[in-house]
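# Analysis of the macromolecular model
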Amino acid sequence: MAERLFRRAAAGRHQARSAGSEPGYAPHPQVVEALDEVGIDASDHVSRKLDAEALEWADVAVSTCDEEVCPVTPGVRRLRWHLSDPKHLPLEQVRPIRDEIDRLVTQLVAELG
């Protein structure tokens, strides 16, 4: 969700790539639906594994994992957002997560200029 919401908020001024330590095989249907409700099509999302190349590309890495299990990101500004994983949640519980991500993304885009 964060990648798609960031892209919309940044309007081409910044780029985003989504990656995870244990990426799924397809976007979660309730996440796709929650984004669709705010006019974002994420049906074509391809999950990617977080690796050194992704971190080398990034200036800022946003993570939602606990400190103990997050990968080290030397030279990359690290932000930690404490969010629930929407993976197996019903749409009614995914919407507030989407809205919080949107708020955080909007704040980050404003900071980046």
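Preceding this section is the structure that the text describes.
This text gives an overview of the structure that appears in the document.

Reading guide: rules and limits
Residues numbered from 1 in each chain as written. Predicted model: local features only at pLDDT ≥ 70, side-chain atom pairs only at ≥ 80, totals over all residues. Heavy atoms only, no water. Helix = DSSP H or I, 4+ residues; strand = E, 2+ residues; numbered from the N terminus. Buried < 20%, exposed > 50% of the residue type's maximum accessible area, 1.4 Å probe, protein only. Polar contact = N/O pair within 3.5 Å; in protein donor to acceptor, adjacent residues only side chain to side chain. Axes fitted to C-alpha atoms, helices over the stretch in contact; angles between N-to-C directions. Parallel < 35°, antiparallel > 145°, perpendicular 65-115°, else oblique. Left-handed = near helix turned anticlockwise from the far one by under 90°. Contact = heavy atoms within 4.5 Å. Nonpolar A, V, L, I, M, F, W, Y, C, P; charged D, E, K, R; others polar. Core = buried A, V, L, I, M, F, W, Y, C linked by side-chain atoms within 4.5 Å.

### Quick notes on the side chain of Ser-63
Structurally, Ser-63 is set in strand S1 (residues 60-63). For Ser-63, a relative accessible area of 9% corresponds to the buried category. Separated by 3.1 Å, the side chains of Ser-63 and Arg-78 make a polar contact.

### A word on the packing of helix H1 (residues 2-10) against helix H4 (residues 91-112)
Between H1 and H4, the shortest axis-to-axis distance is 9 Å and the interhelical angle comes to 45°. By the criterion of interaxial angle, the relationship of H1 to H4 is oblique. Handedness of the H1/H4 crossing: right-handed. Residues Ala-2, Leu-5, Phe-6, Arg-8, Ala-9 and Ala-10 of H1 form the contact with H4, whose own contacting residues are Arg-98, Ile-101, Asp-102, Val-105, Leu-108, Val-109 and Leu-112. Of the residues belonging to the contact of H1 with H4, the class tally is ten nonpolar, no polar and three charged.

### Some words on the nonpolar core
One finds Met-1, Leu-5, Phe-6, Leu-35, Trp-81, Ile-101 and Val-105 to be the most contacted residues of the largest nonpolar core, which totals 20 residues. At the level of secondary structure, the elements contributing two or more residues to this core comprise H1, helix H2 (29-37) and H4. Examining the composition of this core, we find that eight residues originate from one element, H4, more than from any other.

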